[in-house]
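# Architecture and fold: a report
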Amino acid sequence: MPYAAITYNVRPGFDDEIAEIFADFQRVDTPILRGATGDEAGRLLGTAVFLKDGVLVRVIHYEGDFRAVAAHMAGQKGVHMIEEKLAPYLVDQRDTSTPEAFQAYFRNALMRCIVQLSVDTHPAGR
């Protein structure tokens, strides 16, 4: 089950304010991801957010098609509420007002994955 990481460059010195924003995060309405045809394309398994020295990273644990993750998140009310509240703390403003613009930002902010290891792929087994 893969992970993805999305970066945000935020203004240093506002860690508590940013943490407060995420403390009130409204979770997605469903963890089920749908593809362009409406068929199930995967599931969101979990999310974590990390912050240090002006870099905020959102880690997404999912299964299925990553494009469906971006499309799903673009339609979530809670995600747009976070984006709006986070805007004053961003170093670089971005357009997330439409599903297409949100998905473009999501793709551009995606960190390169170097390696993903799990117990499932460990040579010693589970």
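For the structure, see preceding data.
Thresholds, definitions, all that
Residues numbered from 1 in each chain as written. Predicted model: local features only at pLDDT ≥ 70, side-chain atom pairs only at ≥ 80, totals over all residues. Heavy atoms only, no water. Patch = residues over 30% accessible without salt bridge, like charges linked within 9 Å, V, L, I, M, F, W, Y side chains within 5 Å. Areas by Shrake-Rupley, 256 points an atom, 1.4 Å probe, with all protein chains shown as cover. Salt bridge = Lys/Arg side-chain N within 4 Å of Asp/Glu carboxyl O. Lys, Arg positive; Asp, Glu negative; His and termini not counted. Charge placed at Lys NZ, Arg CZ, Asp CG, Glu CD. Helix = DSSP H or I, 4+ residues; strand = E, 2+ residues; numbered from the N terminus. Buried < 20%, exposed > 50% of the residue type's maximum accessible area, 1.4 Å probe, protein only. Contact = heavy atoms within 4.5 Å. 1 Å grid on protein atoms, 1.4 Å probe; cavity = no way out; pocket = protein on both sides within 12 Å on 5 of 7 lines; lining within 4 Å. Points joined across faces, edges and corners; volume = space filled by probe spheres on them. Nonpolar A, V, L, I, M, F, W, Y, C, P; charged D, E, K, R; others polar. Arc of directions from axis to C-beta.

Moving on to a negative patch on the surface. On the surface, Asp 15, Asp 16, Glu 17, Glu 20 and Asp 24 cluster together into a patch of negative charge. By secondary structure assignment, the location of Glu 17 is in helix α1 (residues 15-23).

What follows is about the environment of Val 10. Of note, Val 10 is situated in the loop between β1 (3-9) and α1. The class of Val 10 is buried, set by a relative accessible area of 2%. Remark: the alpha-carbon pair of Val 10 and Leu 56, spanning 46 residues in sequence, is separated by 6.7 Å. In this structure Val 10 touches Ile 18, Leu 51, Gly 54, Val 55, Leu 56, Tyr 89, Leu 90 and Val 91, once residues within four positions along its chain are discounted.

As a further point, take the layout of surface pockets. Empty space within the largest pocket amounts to approximately 320 Å³. Lining of the largest pocket is provided by 13 residues; of these, Phe 25, Arg 27, Val 28, Gly 46 and Thr 47 occupy positions nearest its centre. Counting residues per element, the ones that place at least two in the lining of the largest pocket are β3 (40-52) and β4 (55-64). For the lining of the largest pocket, the element with the most residues is β3, which contributes five residues. Taken together, the residues of the lining of the largest pocket break down into nine nonpolar, two polar and two charged. If you trace the second largest pocket, you find 13 residues lining it, with Tyr 3, Ala 4, Ala 5, Cys 113 and Gln 116 closest to the centre. Residue classes in the lining of the second largest pocket are distributed as eleven nonpolar, one polar and one charged.

On to empty space enclosed by the protein, then. The full count for this structure, using the stated rule, is one cavity of 30 Å³ or more. Size it by volume and the largest cavity reaches roughly 40 Å³. Lining the largest cavity are Ile 21, Asp 24, Phe 25, Gln 26, Gly 78, Met 81, Ile 82 and Lys 85. Considering every element that reaches the lining of the largest cavity, the biggest residue donor is helix α3 (residues 77-86), with four residues. Taken together, the residues of the lining of the largest cavity break down into four nonpolar, two polar and two charged.

Moving on: helix α4 (residues 99-108). For α4, the set of buried residues is Ala 101, Phe 102, Tyr 105 and Phe 106. Taken around the axis of α4, the buried residues stretch over an arc of 140°, which confines them to a single face. Away from the buried face of α4 by more than 90 degrees, exposed residues Glu 100, Arg 107 and Asn 108 are located. Contacts made by the buried residues of α4 are with β1, β4, α2 (66-74) and α3.

Phi is positive for Asp 53, which is not a glycine, with a value near 50°. Topologically, Asp 53 is positioned in the loop between β3 and β4.

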